[in-house]
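Structural overview
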Amino acid sequence: MFGYPKLAFLNLPTPVSYLSNLSDSLGIELYMKRDDLTEFGVGGNKLRKLEYLVYDAKEKGATMLITVGGAQTNHGRLTAAVAAKYQMKCAIVAMDDYPGILTSNMLLDRIFGAYVFLHKNDGTPLMNVVERVADKFESQGERCYFIPMGGSNEIGALGYYECAQEIKNEFKSGRVVVPLGSMGTYMGLFCGLHDSGLKLTGVQIMPYEENIFNYAVNYFHRVKEAWKLDFDVTEDDFDIATDYLYGGYNLPSGTVRDAIYDMARSESIILDPCYTGKTYAALRDMVEQEKIQKGETVIFIHTGGLPGVYTPSHQKAFEAELMDGVTVLK
């Protein structure tokens with residue numbers, strides 16, 4: 001893509017499911033692009049990015065991948081999985097507290113053999129910690145390759161430019177709805193769907209330190225230069241729903257859990273409480289508020305994140321609501 005090679009380790013294109021029960025209840029034509037069903041590490045959207053990023057790492061002679069995120073980062077888990085597949089070492093740096101138990105993504109990180117470094121968020125710059133970790137391993141003979149949060153740079157976004165080409169082959173019109181975290185997935189789709197009959201809506205799932213629309217324009221310009229795109233944008237070209245944070249990043253929310261129950265009990269598909277559950281909760285509200293019109297075709301991109309339901313804070317909240325349906329027979 002744009003002259004950037006990749007390691008083609010995924011079975012693409014991913015499937016598309018028509019969600020008939022939710023289509024009936026919501027009054028829209030709802031489809032799901034199943035990027036949660038990608039191979040390796042329980043699946044998820046970051047694998048498309050890693051096809052390009054790991055190729056670049058291997059070409060540069062790297063023996064170790066280093067990336068960053070929260071303690072329960074999905075991207076870290078998938079980076080660990082692909083590192084194992086290609087017999088590379090992996091380290092994940094998280095500016096986060098130890099969650100009290102080795103579970104969810106952190107447990108999988110270690111099962112894949114990755115090293116996890118937790119550093120209390122005390123104001124120390126993230127890259128200072130990354131440099132300390134890289135120095136440690138390079139002193140042992142490793143050659144480290146740094147992957148930014150979410151794999152969201154000019155190389156990683158190529159994975160979702162490619163995904164956009166799949167979607168254009170599957171749908172001629174409609175609205176694509178996707179979680180927006182570190183923005184690489186959204187930006188790749190945005191560029192790939194440009195000048196098509198498909199509209200893209202990103203649902204912001206975490207706070208940004210700067211204006212998110214200004215961040216998007218700056219990210220686009222980096223991508224434009226790297227890929228040599230022939231069009232330009234303004235802030236008004238980005239459709240980003242900014243009012244669905246539900247308290248902050250990866251915090252338990254009753255509204256989000258209700259959306260997860262709705263998807264599970266209607267279509268037998270599990271969403272996660274950080275990304276896809278929040279995005280589906282937003283989608284339901286947008287339908288109710290008529291921001292999404294009745295009868296509209298909506299393509300929801302399932303970005304994975306299944307282990308997130310086992311994150312301690314979320315698991316406790318689920319348990320409090322669901323134990324009334326558990327009976328211990330005597």
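Notes on the structure in this doc start here. Worth saying up front: this structure is predicted, and the values here are computed from it rather than measured. (Residues numbered from 1 in each chain as written. Predicted model: local features only at pLDDT ≥ 70, side-chain atom pairs only at ≥ 80, totals over all residues. Heavy atoms only, no water.)

Another aspect to go through is the overall build of the protein chain. The helix and strand inventory of the protein chain stands at eleven helices and ten strands. A compact globule built from 330 residues would reach a C-alpha radius of gyration of about 20 Å, and the protein chain, at 20 Å, matches this within 12%. Seen along its three principal axes, the alpha-carbon backbone of the protein chain occupies a region of about 65 × 60 × 35 Å. Per-residue burial for the protein chain yields a buried fraction of 55% across its 330 residues. Pairs at least 24 apart in sequence give 76% of the contacts found in the protein chain among residues at least 6 apart. Accessible area for the protein chain stands at about 14500 Å²; split by element, carbon and sulfur atoms hold 49% of it. (Helix = DSSP H or I, 4+ residues; strand = E, 2+ residues; numbered from the N terminus. Rg over C-alpha atoms; globule rule 2.2 N^0.38 Å. Buried < 20%, exposed > 50% of the residue type's maximum accessible area, 1.4 Å probe, protein only. Contact = heavy atoms within 4.5 Å. Areas by Shrake-Rupley, 256 points an atom, 1.4 Å probe, with all protein chains shown as cover.)

Turning our attention to the packing of aromatic side chains. Across all of its chains, the model carries 20 aromatic pairs by this definition. Relative to Phe137, the ring of Phe117 lies with its centre 6.1 Å away and its plane at 85°, an arrangement referred to as edge-to-face. With a gap of 20 residues between them, Phe117 in strand 5 (residues 115–118) and Phe137 in helix 5 (residues 126–138) connect regions that are remote in the sequence. In this structure Phe117 comes out as partly exposed when scored by relative accessible area, which is 23%. Judged by its relative accessible area of 3%, Phe137 falls in the buried class. Look at Tyr186 and Phe190: their rings are 6.3 Å apart centre to centre, the planes differ by 20°, and that puts the pair in the stacked class. Here the residue Tyr186 and the residue Phe190 both occupy positions in helix 7 (residues 184–193), the gap between them amounting to four residues, near one helical turn. Taking relative accessible area as the criterion, Phe190 reaches 11% and is therefore assigned buried. (Phe/Tyr/Trp six-rings, centres within 6.5 Å; stacked < 30°, edge-to-face > 60°.)

Now for unusual backbone geometry. Cis peptide bonds are those with omega within 30 degrees of zero, and the linkage from Leu12 to Pro13 qualifies with 0°. Tracing the backbone shows Pro13 in the segment before strand 1 (16–18). Phi angles above zero are rare outside glycine, and Phe40 is one such case at about 80°. By secondary structure assignment, the location of Phe40 is in the loop between strand 2 (29–34) and helix 2 (46–59). Look at Val42: it is not a glycine, yet its phi comes out positive at around 75°. Here Val42 is to be found in the loop between strand 2 and helix 2.

Moving on, we come to the sheet that holds strand 4 (residues 89–94). Taken in spatial order, the four strands of this open sheet run 5-4-3-6, and their pairing is parallel. Either end of the sheet is taken by a strand with one partner, and the two such strands are strand 5 and strand 6 (144–147). Taking the axes of each pair of neighbouring strands and ignoring which way they run, one obtains an average angle of 20° across the sheet. Where strand 4 meets strand 5, four bridges bridge the pair, whose relative direction is parallel. For Ala91, the partnering residue across the bridge sits in strand 5 and is Tyr115. Against the sheet, helix 4 (residues 104–111) touches strand 4 and strand 5, its axis set at about 135° to strand 5. (Pairing = 2+ DSSP bridges. Axes fitted to C-alpha atoms, helices over the stretch in contact; angles between N-to-C directions.)

Looking now at the packing of helix 7 against helix 8 (residues 212–227). Here helix 7 crosses helix 8 at 60°, and the two axes come no closer than 11 Å. With respect to helix 8, the axis of helix 7 lies oblique. With respect to the hand of their crossing, helix 7 and helix 8 are arranged in right-handed fashion. Along the contact surface, helix 7 presents Gly184, Met187, Gly188, Phe190 and Cys191, while helix 8 presents Ala216, Tyr219, Phe220, Val223 and Trp227. Of the residues that constitute the contact of helix 7 with helix 8, the class distribution is eight nonpolar, two polar and no charged. (Parallel < 35°, antiparallel > 145°, perpendicular 65-115°, else oblique. Left-handed = near helix turned anticlockwise from the far one by under 90°. Nonpolar A, V, L, I, M, F, W, Y, C, P; charged D, E, K, R; others polar.)

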